[in-house]
Amino acid sequence: GLPEVKLGLLPGAGGTQRLPKLVGIQGALKMITTGSNTKPDRALKMGLVNQVADPFALRDAAIQAAEGLANGTLKPKIKKKNFMNRMLEDNPLGRNVLFNQATKIAMKQSGGNYPAIPKILDCLKVGADSGMEKGLEVEAKHFGELTVTSESKAL
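Residues numbered from 1 in each chain as written. Predicted model: local features only at pLDDT ≥ 70, side-chain atom pairs only at ≥ 80, totals over all residues. Heavy atoms only, no water.

Asker: I'd like to hear about the layout of surface pockets, residue by residue, with values.
Answerer: The space that makes up the largest pocket amounts to roughly 660 Å³. Where the lining of the largest pocket is concerned, the elements lending two or more residues are helix 1 (15-34), helix 2 (40-46), helix 4 (83-89), helix 5 (92-110) and helix 6 (116-130). Ranked by residue count, the leading element in the lining of the largest pocket is helix 1, at ten residues. Per-class residue counts for the lining of the largest pocket are eleven nonpolar, ten polar and ten charged. (1 Å grid on protein atoms, 1.4 Å probe; cavity = no way out; pocket = protein on both sides within 12 Å on 5 of 7 lines; lining within 4 Å. Points joined across faces, edges and corners; volume = space filled by probe spheres on them. Helix = DSSP H or I, 4+ residues; strand = E, 2+ residues; numbered from the N terminus. Nonpolar A, V, L, I, M, F, W, Y, C, P; charged D, E, K, R; others polar.)

Asker: Describe helix 6, with residues and values.
Answerer: For helix 6, with 15 residues, the first-to-last C-alpha span of 21 Å sits near the 21 Å given by 1.5 Å per residue. Next to the buried residues of helix 6 lie helix 1, helix 5 and helix 7 (132-146). Positioned one or two residues after helix 6, G131 has a phi angle of 100°, which is positive. (Expected span 1.5 Å × (residues − 1). Contact = heavy atoms within 4.5 Å.)

Asker: Which residues make up the nonpolar core, and what values go with them?
Answerer: Across soluble globular proteins, nonpolar side chains show a tendency to be buried alongside one another. Core analysis: the biggest nonpolar cluster contains 25 residues, and L19, L29, I32, I120 and L124 have the highest contact counts within it. Residue assignment for this core shows that the elements contributing at least two residues are helix 1, helix 5, helix 6 and helix 7. Those residues in contact with L124 that lie beyond four places of it in its chain are T16, Q17, P20, L29, I32 and F99. (Core = buried A, V, L, I, M, F, W, Y, C linked by side-chain atoms within 4.5 Å. Buried < 20%, exposed > 50% of the residue type's maximum accessible area, 1.4 Å probe, protein only.)

Asker: I'd like a description of the environment of H142, backed by residues and values.
Answerer: Structurally, H142 can be placed in helix 7. Take H142: its relative accessible area is 7%, and that puts it in the buried class. Taking the C-alpha atoms as reference points, H142 and I32, separated by 110 residues in sequence, lie 14 Å from one another. In this structure H142 touches L10, K119, D122 and C123, once residues within four positions along its chain are discounted. At 3.1 Å, the side chain of H142 forms a polar contact with the side chain of E145. (Polar contact = N/O pair within 3.5 Å; in protein donor to acceptor, adjacent residues only side chain to side chain.)

Following this line, the structure appears as structure tokens:
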């Protein structure tokens, strides 16, 4: 999961921009705004990870994956969006509906007690609407602002 929101922060280092590219905007919204954990099977299904390994076979799986990356036989899996996800995520009107609903839900669930949530939503929206470079700029600005809030300082 991405627990930064529970600490009064947002995922930095491009987290608000890279995660939607992996799992889609809707999946990223849930993960980033709630800070909840994602179970391994769900992470695999949503495209967050390429492989799930038994803890006792982790070393062998890591070696096999590294070799596959090195020799080019392991390729990232591209998750295809269904029609509804394309309608919501791949056009400005759908994204407006998506972000309006996400804002209402996130603020209701959090009771407005997490100052990072509106800034996270802004980062995701700017990245989706204006591209990664602009999204990264907004993310860095908002991250800096959140590090000096009373919630962040209390940790």
